[in-house]
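Okay, here's what each chain looks like letter by letter:
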Amino acid sequence: MADVYESLLGNSLGRSLLSTLNLPVPAVLERYSPEQSHFLSGKVLVGAASGSVLSETLLNTLKQASASLWTPSNLSENVNLEQLALKLGMPLQSAGEGQAEQRYKAVVFDATGISRSEQARELYDFLHPVIRNLESSARVVILGLAPDSLKSQPRARLAQFGLEGLVRSIAKEVGKRGATCNLIYTTKAAAKLTESALRFFLSPRSAFVDGQIVTVGKGAALPENLDWNAPLKGKTALVTGASRGIGEAIAKTLARDGAKVICLDIPQAQDALKQVAAAIGGETLEMDISTPEAAGQIAEALKTRFDGIDIVVHNAGITRDKTLGGMPAHYWEQVVNINLSAIERINDALLASAVLNEQGRIVCVSSMSGIAGNFGQTNYAYSKSGVIGLVQAWAPELAQKQITINAVAPGFIETQMTAAIPLATREIGRRLNSLKQGGQPVDVAEAIAFFASPASSGITGNTIRVCGQNLLGA
Ligand SMILES: NC(=O)c1ccc[n+]([C@@H]2O[C@H](COP(=O)([O-])OP(=O)(O)OC[C@H]3O[C@@H](n4cnc5c(N)ncnc54)[C@H](O)[C@@H]3O)[C@@H](O)[C@H]2O)c1
């Protein structure tokens, strides 16, 4: 059945009708295209709290954007970003009195210096005059110190912890313009490794990632001369469930970023799988991951046919919905087996046979259902919550081999899976987020590419939601 709401949104008359009826009219989100050589362009306002430690990394990153940089005149007198910019040889203009009239494409604040709650006023003073004047699809990014790294400093710890609530609330205020707000936590020692997260959150690659927190810790140094437009050049990636939907978008996005992609799916999907692989110069692996022998066969194929692997994306997944009382046992078995146990078996086989190369990347696909729960999805929610647990459980162990493991938790994404939901439920699912729309498969793929990047070596054990800040499980 044609989606009436979507077709009304597709023309100006329909949009003004919906607006008159007070129904949500979502902004058109800007998305990344390879023609954009810079990750960010337009006017950017930068600020910092006194005592902050990330300003140099922040300015060095922004230096590579095609942006005009501004700083307000009301920062604490201990902060001198203009002097630092001068030292780094980059122009930084004072926004002066008229800053409230300016419209910004991005607003970034280094809050790492906030060491007591009273000092958070510096954040308010920076954001208050400008928060209403963001461009559409603008970015607000806050940098903080990971509260867990401040265990011996309770006042600083809680002052930093407060940033979570602030960021999630700003995201709700700015979402109607397609703007997002996200938080990067780090430690002083990992300051330089925040560049990858900064670029992701500031760029159109994070169009549907909103109200999220990424924690950056220790990791391998940034590769020299990294080509940020093709960061995966020379890498080989395996993507499960790659014949359609989100998996197809992941395969195409990783290939766009330079990787050679091995596309895996069940033998029944081989025609579509071959098409996806052919379009990106990739290879195919026809395999049903639910069988006990599949993991060993995958490890063997990767070793003999492809000389190991750098990136593994566990995307294949199924739903078999029923209330728990009405659920046959095989529904439970199938879902938990494919969505969770198969990931464990494949990881075990790849690690046991040393097929996953040094500095490897594992990225798993969870779901909002695994965070908020969902009616009729006890099996699915168990498996997707388990994926988040898996990532947290394995991160410390894999860190010893410089392998990272992270997850994305998609919300409502426009795929065949969600097109099958009845219209009314679908409309509610699609609009119940700060951006008032469903995401695209590429939005999930961009978040996965961010985790897969060699520049993301300090990011492990994280789960980020790709859900436009879904109101459920927030
Ligand atoms: N679409 C959404 O809104 C949404 C939301 C949250 C999470 N997810 C998750 O994202 C992932 C992809 O979802 P999608 O919407 O693209 O689904 P989809 O059904 O369109 O694609 C899933 C793919 O996995 C493959 N697959 C299933 N079982 C397999 C097996 N045993 N062996 C190998 N391949 C197998 C399928 O053939 C298919 O190509 C899934 O893990 C899903 O749970 C999707």
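The rules behind each value
Residues numbered from 1 in each chain as written. Predicted model: local features only at pLDDT ≥ 70, side-chain atom pairs only at ≥ 80, totals over all residues. Core = buried A, V, L, I, M, F, W, Y, C linked by C-beta atoms within 7 Å. Buried ≥ 20, exposed ≤ 12 C-beta atoms within 10 Å, placed from the backbone. Domains from an automatic or database assignment. Contact = placed C-beta atoms within 7 Å. Helix = DSSP H or I, 4+ residues; strand = E, 2+ residues; numbered from the N terminus. Nonpolar A, V, L, I, M, F, W, Y, C, P; charged D, E, K, R; others polar. Axes fitted to C-alpha atoms, helices over the stretch in contact; angles between N-to-C directions. Parallel < 35°, antiparallel > 145°, perpendicular 65-115°, else oblique. Left-handed = near helix turned anticlockwise from the far one by under 90°. Pairing = 2+ DSSP bridges.

## Focus: the nonpolar core
Here is step 1: Ranked by size, the top nonpolar core spans 135 residues in total, and within it V44, V239, L254 and I448 carry the most contacts.
Here is step 2: Two domains each donate at least three residues to this core, and these are domain 1 (41–215) and domain 2 (236–466).
Here is step 3: Setting aside residues no more than four positions away along its own chain, V239 makes contact with G247, I250, A251, L254, V261, C263, L264, V313 and N315.

## Quick word on the domain arrangement of the chain
Here is step 1: Under the domain assignment, the chain is made up of domain 1 (41–215) and domain 2 (236–466).
Here is step 2: Taken together, the 20 residues of domain 1 in the interface contact 17 residues of domain 2.
Here is step 3: Those elements giving two or more residues to the side of domain 1 that touches domain 2 turn out to be α6 (154–174), α7 (195–202) and β7 (213–215).
Here is step 4: The leading source of residues in the side of domain 1 that touches domain 2 is α7, at 4 residues.
Here is step 5: In the side of domain 1 that touches domain 2, the residues fall into 9 nonpolar, 7 polar and 4 charged.

## Re the packing of helix α8 (residues 245–256) against helix α16 (residues 441–452)
Here is step 1: Between α8 and α16, the least distance of the axes is 8 Å, while the angle of their chain directions is 50°. In this view, α8 runs oblique relative to α16, as classed from their interaxial angle. Pair α8 / α16 crosses with right-handed handedness. Side by side, α8 and α16 meet where G245, I246, A249, I250, T253 and L254 of the first sit next to P441, V442, V444, A445, E446, I448, A449 and A452 of the second.

## Observations concerning the pairing of strand β13 (residues 404–410)
Here is step 1: With 7 of its 7 residues buried, β13 lies for the most part within the structure.
Here is step 2: Side chains T404, N406, V408 and P410 project from β13 onto one buried face, and the interleaved I405, A407 and A409 project onto a second face that is buried too.
Here is step 3: The pairing of strand β12 (residues 356–365) with β13 spans 5 bridges and is classified as parallel. Opposite R361, over in β13, you have T404 as the bridge partner.

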